[in-house]
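Now for the letters of each chain:
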Amino acid sequence: MSGEFDLIARHWWHTVPSSSGVVLGNGDDCALLAPAPGMALATSTDMLVAGRHFLPDVDPEALGHKALAVNLSDLAAMGARPLAFTLALALPRVDEAWLAALARGMLALADAHGCALVGGDTTAGPLTLSVTVYGEVPPAQAFRRSAARVGDDVWVSGTVGDARLGLAVLLGERPPLARADWQAHVRARLERPTPRIALGLALRGIAHAAIDVSDGLVADLGHVLAASGVAAEIDIDALLVGQAVHPAVRALPLAEALSCVLAGGDDYELVFTSPAARRSEVQAAAAAAQTPVTRIGRIMPGPVATHPLADGRPRVRLCDAQGRPYPVPPGTRLGGFDHFATMSA
Ligand SMILES: Nc1ncnc2c1ncn2[C@@H]1O[C@H](COP(=O)(O)OP(=O)(O)OP(=O)(O)O)[C@@H](O)[C@H]1O
Ligand SMILES: Cc1ncc(C[n+]2csc(CCOP(=O)(O)O)c2C)c(N)n1
Ligand SMILES: [Mg+2]
């Protein structure tokens, strides 16, 4: 028998970790959360829709991981520590083995971050996963998008562009990579992103503004710049020769490599700003968090923002190591992922 409540009980009952700020978990009309004294409750929602965020034949364990990871990534971008999450799930059919794998992937990542599943909703419908995360952060140390200042450095964690290369192969836009280890890497980067929670926590009190790269580096940095009323120079030489670009991406024709790096999306790395005087503290925080970071540019004066999201003004200037305008090759994409860009009203 597979009624709605059996299904929830079998797959989603989750023991609440004791130290987590969860007063009451799964099973009542609401969960009760209590951030530590002096902490603000941080919350964010992101959903994954079959055919749009993932292909329907994706490994369900990886899908469970990614649905939570992209949400934890938002907590990381705020400098918040994860406490709990809820899961709203629409399922076209009940496939016990598929659901067990989904739960395994999601709950393994939850346990790794001490983040309890405290509630949700399950319905029949087109395959959709919507996660809401809750975390805690000292409000004065949260990395607001509006906090970038002229004179700040721009940094990025990990590598950008490799997830988009993985997607290009999956979508048949290009053949699989000749090197099996590179192919496995780009696929894993697409399907099992690493939320940079440890880095976010280590950067508290050091970074000014931050955002996680979901739509593309230039587009997401653009949200920070618009919210802060500033502009930025991105040093393409520092990006391409540094450790922020994986060799599999560097090996692509230049326009394709730049498109992946600057507009790829699905990276779930942190782009953050911090004062130039604090470079050594950023490096120490990154080392403590065991997360590589690369300095890729600087914040410059820019137009005053009219809206923090859809401001429409060009704010990112691409330059070379000498600060000269970078000659972007024809065919390079810079715009980020936009769900409605190709839909007519
Ligand atoms: N339906 C909605 N109702 C209210 N606020 C929304 C809604 N959709 C998005 N927002 C808010 O708009 C802002 C931008 O949303 P967006 O989803 O682009 O950011 P994000 O979650 O950081 O990025 P991504 O979804 O690409 O990971 C966020 O503050 C988000 O909470
Ligand atoms: C099958 C398939 N097609 C396209 C993509 C790429 N993609 C989809 S949504 C998104 C931005 C983040 O989503 P959101 O802004 O909704 O949080 C990106 C980069 C994918 N991952 N899988
Ligand atoms: Mg979102």
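Residues numbered from 1 in each chain as written. Chains lettered and ligands numbered in written order. Predicted model: local features only at pLDDT ≥ 70, side-chain atom pairs only at ≥ 80, totals over all residues. Heavy atoms only, no water.

The protein chain carries the name Thiamine-monophosphate kinase in an unreviewed UniProt entry, which gives Tepidimonas taiwanensis as its organism. Per UniProt, the protein chain carries the Sequence similarities (unreviewed entry) text "Belongs to the thiamine-monophosphate kinase family." The UniProt entry for the protein chain carries this comment under Function (unreviewed entry): "Catalyzes the ATP-dependent phosphorylation of thiamine-monophosphate (TMP) to form thiamine-pyrophosphate (TPP), the active form of vitamin B1." (UniProt positions renumbered as here; feature names shortened; annotations may be inferred.)

This brings us to the site of ligand 2. Close to ligand 2 lie Asp-46, Arg-52, His-53, Phe-54, Leu-55, Leu-167, Ser-214, Asp-215, Asp-266, Tyr-268, Phe-337 and His-339. Between Asp-215 and ligand 2, the recorded distance is 3.2 Å, taken from a side-chain N or O atom to an oxygen atom. The protein chains hide 87% of the 520 Å² of surface that ligand 2 would expose on its own. Among the residues forming the shell around ligand 2, the class breakdown is five nonpolar, three polar and four charged. A domain-level breakdown of the shell around ligand 2 finds at least three residues from each of domain 1 (4–140) and domain 2 (144–319). (Near = heavy atom within 4 Å. Polar contact = N/O pair within 3.5 Å; in protein donor to acceptor, adjacent residues only side chain to side chain. Areas by Shrake-Rupley, 256 points an atom, 1.4 Å probe, with all protein chains shown as cover. Nonpolar A, V, L, I, M, F, W, Y, C, P; charged D, E, K, R; others polar. Domains from an automatic or database assignment.)

Another aspect to go through is the site of ligand 1. The environment of ligand 1 is made up of Asp-46, Asp-74, Arg-145, Ser-214, Asp-215 and Leu-309. In terms of residue class, the shell around ligand 1 is made up of one nonpolar, one polar and four charged.

Time to look at the UniProt feature "binding site: Mg(2+) 2" (unreviewed entry) in the protein chain. Per the UniProt record, the feature "binding site: Mg(2+) 2" (unreviewed entry) sits at Asp-46 and Asp-74. Taken together, the annotated residues stretch across 29 residues yet fold into one region, lying no more than 8.9 Å apart by C-alpha. In this structure, Asp-46 sits in strand S3 (residues 40–49). Apart from the residues lying within four places of it in its own chain, the contact partners of Asp-46 are Val-70, Asn-71, Asp-74, Leu-129, Ser-130 and Val-131. Position of Asp-74 relative to the elements: it lies in helix H2 (residues 60–76). (Helix = DSSP H or I, 4+ residues; strand = E, 2+ residues; numbered from the N terminus. Contact = heavy atoms within 4.5 Å.)

Attention now moves to the packing of aromatic side chains. Taken as a whole, this structure holds one aromatic pair when the rule is applied. With centroids separated by 6.2 Å and ring planes inclined at 0 degrees, the aromatic side chains of Trp-155 and Phe-272 adopt a geometry described as stacked. Linking Trp-155 in strand S7 (residues 152–157) with Phe-272 in strand S10 (residues 270–275), this pair joins segments that are 117 residues apart in sequence. Taken as a pair, Trp-155 and Phe-272 share a single burial class, namely buried. (Phe/Tyr/Trp six-rings, centres within 6.5 Å; stacked < 30°, edge-to-face > 60°. Buried < 20%, exposed > 50% of the residue type's maximum accessible area, 1.4 Å probe, protein only.)

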